[in-house]
Amino acid sequence: MKLLKLVFSAFGPYLGKETLDFADLQGRSFFLIHGPTGAGKTTILDTICFALYGDASGENREAKMLRSDNADIGQMTEVEFTFSLGQDLYKVWRAPEQQRPKKRGEGTTLSTADALLYKINGSEEKLLVQGYTNVTLQIEKLLGFKSNQFRQVVLLPQGEFRRLLLANSAERQEIMQTLFKTELYRQIEEHLKEKAKDIAAAKKVLDDEQNFILRELEVDSLVCLEASIASKKITLEQTGAKVEVLKALQQKAQAEDVAGRLTESKFESAAKAALEKAEQKTKIPVVEDYRKKYQAAQQAASLEDLEVQVQSLLVNVKTDEGKLRQTSERVDYLKKQLQVAEENFRKGQEDEPKRLAMDAQVLKLTAFAEQLTGLANARQAAKQKEAALAQALALQTDGEKKVLLLAEKRQKAQALVLPLTQEKAKIEGYQSELVRLENLQIKLNEAEKIDRELLIILERKQQEDLKMQQVNELYENQQLQVIRLQHLFSIGQAAILARGLKEKQPCPVCGSLSHPHAASSTELLPTENEVQAAQQQLAELDKKRQQQHLDFSKIETQYATAMNRKNDSKFVLGENPPAIGEVRQQITLYESYLERAKQAGTELTEVEQLLEKLQMEENVNNEQQAEWSLRCKQTDNEYQAAVAVTKEREESLPEIYRDSTVLLEAQRDAIRKQKDLKYAFEKADQEVQRFRSEYAVATATLEMVQKNLLQEQDRLAQTEQKFTMRRQNAGFSSQEEYLAAKWTEKKRQEVKEKIRIFDDKLAAVEDADQKAQAAISMLTRPDLTALEQELQQTAKDYNEAYALWQRDKEQIRQSQNKAKRLQTLEARSASIQEEYGVVGTLAAVAGGNNIHGMTFQRFVLKSLLEDVIDASNMRLKIMSRGQYTLQSTPERTRKNAAGGLEIEIFDQYTGYARSVATLSGGETFLASLSLALGLADVVQSYAGGIHLDTILVDEGFGTLDPEALDMAIKALIDLQKGGRLVGIISHVPELKERIDARLEVTKGKQGSQAAFHVG
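In the nomenclature of an unreviewed UniProt entry, the chain is known as Nuclease SbcCD subunit C of Propionispira arboris. Under the Subunit (unreviewed entry) heading, UniProt states for the chain: "Heterodimer of SbcC and SbcD." The annotation that UniProt attaches to the chain under Sequence similarities (unreviewed entry) is "Belongs to the SMC family. SbcC subfamily."

Written out as structure tokens, the structure is:
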């Protein structure tokens, strides 16, 4: 990101509008922000941070605190910041929540916080996103990091830029994974973990199935199963041979049983044939009697044709006699009816004048009915017009009431608009306060966590301190012991030499010939081995002491780091931070406020929609009112016309017939009389014609029936005489004898067929008896019970042996199938185990299951951190004159914590590494500056999507001595070679003299002002 233009007003100490165009630097990439204390140097950094993220550069300053208290109420607090990312240009505008003059009337109103983000293409500005929070989210997406990360990498605020150096491993990981976009490596970790989990689950399924099969078969392994199958196959072959023997015995018993049953059936057939022959002979007398009766029935059947003729003629005679009686009675009846009809016809001819008078009366009444219908229609039309007029008047009255009701509703809805608008305007403020409270809650939770960790580290520090004291005491005691032993050993060596001295012989040590004070010793002297053993024990204690010192130094470093974190947390939260319970209550309260404000916004939309609907209804109602008024006039005119028509039609109709009931009754009575007269005359005429015709037909029919009766009586007498003669010739002396011999044709055929069947069966049974006796004459009757028992026993033995053979065969088949399944499972299990050996190991190592507790993502981050440290050390070595370099340490602060991202300082003067928290203020500034610059270099080279083209440093140079200051300035000047813009804030006079590009901030009674000065 490169700074292009910054415009702000009523911001901090700046009362008016300030415009900073970074093009005024005239190509210089290193500038100094200079001015007196309180003039507003840091405020310039606040404007940049506020424009981007909506907060200040320091966490102890909130967005609401940024407005100038002395600014004119008409001057709006706002920031407009133009910057570039690579080749793209952007402009962001942001304003905090503030009091603004009302557009109408006096007083102020609360203006909610808002923000806009534009992308610039030439002279065109395209709005990308709007909204205080929405713009912040889009900025985080564009720049690649959040506000707190921005303040550790690009903008280094006063007193806070050292946080990157002193951050714990987790905080540093969060910063680096955002900057270097290492999310891919965490996804690889998860993929390997899930893959290993799936493989292990698949392996377990295979193993469970193998174990289940082995338990089911009650064997320990596949080898045991194969041995069992081989043994069962041998047993199966032996059982199969036995089955074949038993099968042959069963077949033999079956053949003997079949032969015995065949012989027994012959004996039974012979007995049955003899019995049937005897039974048939007992039926011969009965059959002979039926044979005689059948012959007589046949004789009687030959007379049936004449008998039928006689019966038919008798029926005809009786029928003709009945017809004769009916026809005579019919002729008499018709003669009387004809006389009556002729008399009625004569009377009808005499009533012709009455019929004509009644026809005229019907026509007259019909005309009156038509006039009455017209009158009724006129009355109905007048009534409808009267109802339409009443309806139109009612609609007009309802419309007037509706106008008043709509006006009342609109007035009530309009009264709700202002309070709902005011409540909706509070949404942004409530959202901002909720974000602040949630961030405060996170920081309070982190502070509690830090306190717990500090107690644990303090306890370990005390334990390590006690161990160090104990080791030091042992070391000092052993050191005194070694000195004493060495002293005694030296004295002992002198005494030993003194024993060999002789007078007037030179001393091997000093060469003297006289020995007045020769060395001697009365104590027990140590040997050289004892001295060496004591020295060896001292050396071991020294190693323990050094190791304990190193362990204690690590604990001290951890303790110092934890204390720094606690101090940072205390600095951020203040001396008396609120209780976390109170913060939670505040969050709940503001959430309810926010929900109420959002509900007000919803209700406001509904009220506005209601107002628009009411206005539309009023317009429609006004149009309807005009239409209803016109309709009333038209309907009244139509009603008056209908009344006039009704009066005219009433006058044209006789008063007695104006009542429809009276007229209808008179009309019905006239029509009924007309119909009765006409019907009586027509009926009399029709009956005369009908009775004349029917009388003539009946007279002719009577003559024909009398003639037919005489003819049928003559034929009957002749046929009866002929039947009597043929009956006597057939052997029947009387009619009764003839009737007793008669059978129906069906009975005659049935008896004939039974006689034939009996004769055939008698001949058949006699023949069968003769053959059956001949068939058994040479045979002996068998013992079927013995044969059956033998067959059952052989079948039982065979079935049992065969079932046993089948069971063993099926068991072998199942065992062979399961053996094949076990072979398949073992092969698949081995393949999966081989795959898991690779994937599982990779997943475990990538997941942090290694001696360093380092995940794959952390390993990548550690490699990147090494690059950052290398880039940082190139400057830190120079600025510290070769004394300090940063280095990463694989040591973890806790055993259960992930390692790899811890940083310590290595002191070239002492040869030891120690915590960065032990550095002095100036040393910390140099190390933090080096780390920030190194991180920017590496991020620029690795992460192509993140552009770190700018770095801004707020103070810290005052803690440096002249030489260190010179080194720091040189390092910052070198940044220009890469085209990076570097800005620093400082009160140090030397910097003003050495840096020719300055942003001078001046302070006055009318507020501060800022302007670039070059040269």
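Let us keep going from here.
**Q** Can you walk me through the overall build of the chain in this structure?
**A** When helices and strands are counted, the chain shows 21 helices and 17 strands. Computed over C-alpha atoms, the radius of gyration of the chain comes to 68 Å, more than 25% over the 31 Å expected from 2.2 N^0.38 for 1015 residues, which places it beyond the range of a compact globule. Taken over the C-alpha atoms alone, the chain extends approximately 215 × 135 × 50 Å along its principal axes. Counting only contacts in the chain whose residues sit at least 6 apart along the sequence, the fraction spanning at least 24 positions is 77%. Total accessible area computed for the chain in this model is approximately 60100 Å², and 52% of it derives from carbon and sulfur atoms. If the 140 positive side-chain charges of the chain are averaged to one point and the 153 negative ones to another, these points end up 2 Å apart.

**Q** Quick question: what am I supposed to make of the UniProt feature "coiled-coil region" (unreviewed entry) in the chain here?
**A** Per the UniProt record, "coiled-coil region" (unreviewed entry) is annotated on residues 420-450, 524-551, 597-627 and 748-835. With 100% helix and 0% strand, residues 597-627 has its two end C-alpha atoms placed 45 Å apart. Structurally, residues 748-835 is divided into 92% helix and 0% strand, and its ends, taken at the C-alpha atoms, are 103 Å apart.

**Q** What is the right way to read the nonpolar core from this model?
**A** Where a protein is soluble and globular, its nonpolar side chains tend to be buried together. Formed by 96 residues in total, the largest nonpolar core has its most connected members in M1, F31, L52, F81, F83, L143 and I984. Per-element accounting of this core gives the leading share, ten residues, to helix α19 (residues 921-942). The next biggest cluster of nonpolar side chains, apart from the first, holds 19 residues, and it includes L206, L222, V839 and A843.

**Q** Sorry if this is basic, but what is going on with the packing of helix α6 (residues 183-217) against helix α17 (residues 784-846) here?
**A** When two helices pack together, you describe them by how their axes are tilted relative to each other and by the distance separating the axes. The interhelical angle for the contact between α6 and α17, taken along N-to-C directions, is 155°, at an axis separation of 8 Å. Judged by the inter-axis angle, α6 sits roughly antiparallel to α17. By crossing handedness, the relation of α6 to α17 is classed as left-handed. Per-class residue counts for the contact of α6 with α17 are 17 nonpolar, five polar and twelve charged.

**Q** Sorry, what's going on with the sheet that holds strand β1 (residues 2-11) here?
**A** Pairing between sheet strands relies on hydrogen bonds along the backbone, with the strands arranged either parallel or antiparallel. What the six strands build is an open sheet, ordered β2-β1-β4-β5-β8-β9; its pairing is antiparallel. On the outer flanks of this sheet lie β2 (14-21) and β9 (124-130), each paired with one strand and no other. Taking the axes of each pair of neighbouring strands and ignoring which way they run, one obtains an average angle of 15° across the sheet. Seen against the sheet, helix α1 (residues 41-53) touches β1, β2, β4 (78-85) and β5 (88-95) and runs at an angle of roughly 105° to β1. Of the strands in this sheet, β4, β5, β8 (114-121) and β9 touch helix α2 (residues 132-143), which is tilted by about 45° from β8.

**Q** I keep staring at unusual backbone geometry and nothing clicks. Help me out?
**A** Outside of glycine, negative phi angles account for most residues, and trans bonds account for most peptide bonds. A positive phi is found at A10, a non-glycine position, where the angle reads about 50°. Here A10 is to be found in strand β1. Here A10 falls in the buried class, since its relative accessible area comes to 0%. One non-glycine residue, Q26, lies in the positive phi region at around 60°. Turning to its location among the elements, Q26 is positioned in the loop between β2 and β3 (30-34).

**Q** Looking at this structure, how should I read the sheet that holds strand β13 (residues 912-915)?
**A** Taken in spatial order, the three strands line up as β11-β12-β13 in an open sheet, and their pairing is antiparallel. Each of the sheet's edge strands pairs with one partner strand only, and the pair in question is β11 (884-889) and β13. Across the sheet, the mean angle from the axis of one strand to that of its neighbour is 40°, orientation sign disregarded. Examined bridge by bridge, strand β12 (residues 902-907) and β13 share four bridges and lie antiparallel to one another. Within the sheet, the bridge partner assigned to I905 lies in β13 and is R914. Here helix α18 (residues 856-879) sits on the sheet and contacts β11 and β12; the angle it forms with β11, its principal contact strand, is near 170°.

**Q** Looking at this model, I keep getting lost on the packing of aromatic side chains. Mind explaining?
**A** Geometrically, a pair of aromatic rings is defined through the distance of the ring centres and the angle of the planes. For the structure on display, the rule yields 14 aromatic pairs. Summarising the aromatic geometry, the rings of Y430 and Y593 are spaced 5.5 Å apart at their centres and angled 40° between planes, so their arrangement reads as tilted. Of this pair, Y430 sits in helix α11 (residues 427-499) while Y593 sits in helix α13 (residues 580-651), placing them 163 residues apart in sequence. Residue class for Y430 comes out buried when judged on its relative accessible area of 11%.

**Q** Any chance you could explain the pairing of β2 here in plain terms?
**A** The two faces of the sheet receive side chains in turn, since in a regular strand these alternate between them. Summarising the sheet, β1 and β2 pair through six bridges and their orientation is antiparallel. Within β2, the position partnered with F11 by the bridge is Y14. Counted along the chain from β1 to the antiparallel partner β2, the turn is two residues long, and its residue G12 has a positive phi close to 60°.

**Q** What is the right way to read the packing of helix α10 (residues 352-424) against α13 from this model?
**A** One way to put it is that α10 packs onto α13 with a least axis distance of 5 Å and a crossing angle of 165°. Relative to α13, the element α10 lies roughly antiparallel. Two packed elements cross with a definite hand, and for α10 against α13 that hand is left-handed. Across the contact of α10 with α13, the residue classes tally to 30 nonpolar, 13 polar and 18 charged.

Definitions and limits used
Residues numbered from 1 in each chain as written. Predicted model: local features only at pLDDT ≥ 70, side-chain atom pairs only at ≥ 80, totals over all residues. Heavy atoms only, no water. UniProt positions renumbered as here; feature names shortened; annotations may be inferred. Helix = DSSP H or I, 4+ residues; strand = E, 2+ residues; numbered from the N terminus. Rg over C-alpha atoms; globule rule 2.2 N^0.38 Å. Contact = heavy atoms within 4.5 Å. Areas by Shrake-Rupley, 256 points an atom, 1.4 Å probe, with all protein chains shown as cover. Lys, Arg positive; Asp, Glu negative; His and termini not counted. Charge placed at Lys NZ, Arg CZ, Asp CG, Glu CD. Core = buried A, V, L, I, M, F, W, Y, C linked by side-chain atoms within 4.5 Å. Buried < 20%, exposed > 50% of the residue type's maximum accessible area, 1.4 Å probe, protein only. Axes fitted to C-alpha atoms, helices over the stretch in contact; angles between N-to-C directions. Parallel < 35°, antiparallel > 145°, perpendicular 65-115°, else oblique. Left-handed = near helix turned anticlockwise from the far one by under 90°. Nonpolar A, V, L, I, M, F, W, Y, C, P; charged D, E, K, R; others polar. Pairing = 2+ DSSP bridges. Phe/Tyr/Trp six-rings, centres within 6.5 Å; stacked < 30°, edge-to-face > 60°.

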